[in-house]
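Chain by chain, the residues:
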Amino acid sequence: MTSDEPDIERFRTAISKTGRFVYRHITALVGVSVVWFLASVPLVTVGPATLCAYAAIRSLRESGRIDRGVLVERLRTNGVHATLLSALPLIPALAAGLYADSYLGSRSTASAALAVVCAYAALYAVLLLVPTFVSLSGGAGVVEALRKGRKQLTGHPTLALTTGLLTAAILVVTAASTVGFVLLFPALAFTLHLFLFGFDPESAEQERETADRVRRLNRFPTDS
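Treat the numbers as computed from the prediction; the structure is a model and nothing was measured. Along each chain, residues carry numbers from 1 onward, in the same order as the chain's sequence is written. Reporting of local features is limited, given that this is a predicted model, to residues whose pLDDT is at least 70; pairs of side-chain atoms are given and counted only at 80 or more, and all residues count toward the totals for whole chains, interfaces and linings. Each side-chain value is worked out from all heavy atoms of the structure, with water and hydrogens disregarded.

## What to know about the overall build of the protein
We apply this condition: Helical segments are the DSSP runs of H or I of at least four residues, strand segments are the runs of E of at least two, and each set is numbered from the N terminus. Exposure classes here rest on a 1.4 Å probe applied to the protein chains alone. A residue is buried below 20% of its type maximum, exposed above 50%, and partly exposed in between. Throughout, a residue-residue contact means that at least one pair of heavy atoms, one from each residue, lies within 4.5 Å.
The helix and strand inventory of the protein stands at 10 helices and 0 strands. Going residue by residue from the N terminus, the α and β elements of the protein occur as α-α-α-α-α-α-α-α-α-α. Taking all 224 residues of the protein together, 40% fall into the buried category. Intrachain contacts of the protein at a sequence separation of at least 6 include 73% that bridge at least 24 residues.

Below is the structure:
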């Protein structure tokens, strides 16, 4: 899958591959989903839990099993970044709620406009974080991951928005049953995200090389 491939074909291919992958690895993916849900309960741990879920699914695709060593490595190198990034949409989302409440009380045009702007900023942040977390799960540094996330969002806005809408649809459908959400939401949504933004061979190779360099530097800190 290349960046020159039409977005609609890219999206269709990702959906098809997601369905086959989830069907073949449903038992392992349900386990990933349950662990993600339990780890996300404190809320402040949503970022690291999501990072590990992406890394687990990536590991399952690449080697046929979940490599716990990879998860520990990703958590150690990008866990703090994931925690901070997961809070990124909260500020504009809270501001949008406050301005919306102000508008309902005062009918102020300025409040309405600010509510829309903040809501758009929150949506932008959420859409940005999807490819960013995918890159973090592959071992990219936070700056590189954000750069890739912005590139995907600005270069493929329709694809990014469609991905967000489908993710929301998966959330609504699985949330209709609490058990369904716990067992299936991460398995379906995160696998789709990885097939859309993380399983390009060239990008995956670059991310592995970056992760290898980080591991070597951490193992031999005195080497240049």
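## Side note on the layout of surface pockets
Using the following cut-off: Lining residues are those with an atom within 4 Å of a point, where the points come from a 1 Å grid over the protein atoms alone and group into cavities, where a 1.4 Å probe fits but cannot get out, or pockets, open sets with protein on both sides within 12 Å along at least five of seven lines. Grid points are joined across faces, edges and corners, and a volume is the space filled by probe spheres set on the points. Each residue is assigned to one of three groups, with Ala, Val, Leu, Ile, Met, Phe, Trp, Tyr, Cys and Pro labelled nonpolar, Asp, Glu, Lys and Arg labelled charged, and all others, Gly among them, labelled polar.
The volume enclosed by the largest pocket comes to roughly 900 Å³. Around the largest pocket sit 35 residues that line it, and Val-46, Thr-50, Val-126, Leu-129 and Phe-185 are the ones nearest its centre. Secondary structure elements with two or more residues in the lining of the largest pocket: helix 2 (26-40), helix 3 (46-63), helix 4 (68-86), helix 5 (90-106), helix 6 (109-137), helix 8 (157-175) and helix 9 (178-197). Considering every element that reaches the lining of the largest pocket, the biggest residue donor is helix 6, with 8 residues. Counted by class, the lining of the largest pocket contains 26 nonpolar, 9 polar and no charged residues.

## Concerning a nonpolar patch on the surface
Filter applied, for reference: Only residues whose relative accessible area exceeds 30% and that form no salt bridge are eligible for patches; like-charged ones are grouped when within 9 Å, while nonpolar side chains (Val, Leu, Ile, Met, Phe, Trp, Tyr) are grouped when within 5 Å. Surface exposure here means Shrake-Rupley accessible area, sampled with a 1.4 Å probe, where a residue is shielded only by the protein chains that are shown. Every case where a carboxyl oxygen of Asp or Glu lies within 4 Å of a side-chain nitrogen of Lys or Arg is listed as a salt bridge.
Taken together, the side chains of Ile-26, Val-179, Leu-183 and Leu-184 define a hydrophobic patch exposed on the protein surface, amounting to about 290 Å² of accessible area. Here the element with the most residues in the nonpolar patch is helix 9; it accounts for 3 residues. Note that Leu-183 resides in helix 9. Given a relative accessible area of 31%, Leu-183 falls into the partly exposed group.

## Examining the confidence of the model for the protein
To be explicit about the condition: A residue's pLDDT is the predictor's confidence in that residue, given on a scale from 0 to 100.
Mean pLDDT over the protein: 88, with 87% of residues reaching 70 or higher. Looking over the protein, one finds the lowest element-wise mean pLDDT in helix 10 (residues 201-219), namely 52, and the highest in helix 2, namely 96. In this model residues 201-205 is a low-confidence stretch, pLDDT under 50, and it forms 2 contacts with partners more than four residues away in sequence or in other chains.

## Some thoughts on the nonpolar core
Let me state the cut-off plainly: Nonpolar core, defined: a set of buried Ala, Val, Leu, Ile, Met, Phe, Trp, Tyr and Cys residues in which side-chain atoms within 4.5 Å join the residues together.
The biggest cluster of nonpolar side chains holds 39 residues, and the ones touching the most others in it are Leu-29, Trp-36, Tyr-54, Ile-57, Phe-133, Phe-190 and Leu-196. Of all the secondary-structure elements, those providing two or more residues to this core are helix 1 (7-24), helix 2, helix 3, helix 4, helix 6, helix 8 and helix 9. In terms of residues, this core owes the most to one element, helix 9, which gives 11 residues. If sequence neighbours within four positions are ignored, Phe-133 has contacts with Gly-47, Thr-50, Leu-51, Tyr-54, Ala-82, Leu-85 and Ser-86.

## Re the packing of helix 3 against helix 4
Quick note on the threshold: Geometry is summarised by axes, namely lines fitted to C-alpha atoms with helices restricted to the contacting stretch, and by angles between N-to-C directions that run from 0 to 180 degrees. Any angle from 65 to 115 degrees is called roughly perpendicular, while one under 35 is roughly parallel, one over 145 is roughly antiparallel, and all others are oblique. Throughout, a crossing is termed right-handed when the near helix is turned clockwise from the far one, and left-handed when it is turned anticlockwise from it by less than a right angle.
Taken N-terminus to C-terminus, the directions of helix 3 and helix 4 make an angle of 135 degrees; their axes are 7 Å apart at the nearest point. In terms of their interaxial angle, helix 3 and helix 4 are classed as oblique. Here helix 3 runs over helix 4; the crossing is right-handed. The residues of helix 4 that touch helix 3, namely those facing Gly-47, Pro-48, Leu-51, Cys-52, Ala-55 and Ala-56, are Leu-71, Arg-74, Leu-75, Asn-78, Gly-79, Ala-82, Thr-83 and Ser-86. Of the residues contributing to the contact of helix 3 with helix 4, the split by class is 8 nonpolar, 5 polar and 1 charged.

## What to know about the packing of aromatic side chains
The line we're drawing: Classification of ring pairs rests on two measures: the distance between centres of Phe, Tyr or Trp rings, Trp counted by its six-membered ring, which must be within 6.5 Å, and the angle between planes, read as stacked under 30 degrees, edge-to-face over 60 and tilted in between.
Summed over all chains, the structure comprises 8 aromatic pairs. Geometrically, the ring pair formed by Tyr-54 and Phe-190 is tilted, given 4.7 Å between the ring centres and 35 degrees between the ring planes. Placement of the pair is Tyr-54 in helix 3 and Phe-190 in helix 9, with a sequence separation of 136 residues. Of the two residues, Tyr-54 and Phe-190, neither departs from the other in class, the shared state being buried. Three or more aromatic residues joined by ring pairs make a cluster, and in this case those are Trp-36, Phe-37, Tyr-54, Phe-181, Phe-185 and Phe-190.

## Brief notes about the side chain of Ser-33
Under the convention used in this document: Pairs of N or O atoms are called polar contacts if they sit within 3.5 Å, as long as, within protein, a hydrogen donor faces a hydrogen acceptor (for residues adjacent in sequence, only side-chain-to-side-chain pairs).
Assignment of secondary structure puts Ser-33 in helix 2. With relative accessibility at 0%, the residue Ser-33 sits in the buried group. A polar side-chain atom of Ser-33 sits 3.1 Å from the main-chain carbonyl oxygen of Leu-183. Discounting chain neighbours no more than four positions away, the residues touching Ser-33 are Val-182, Leu-183, Leu-184, Pro-186 and Ala-187.

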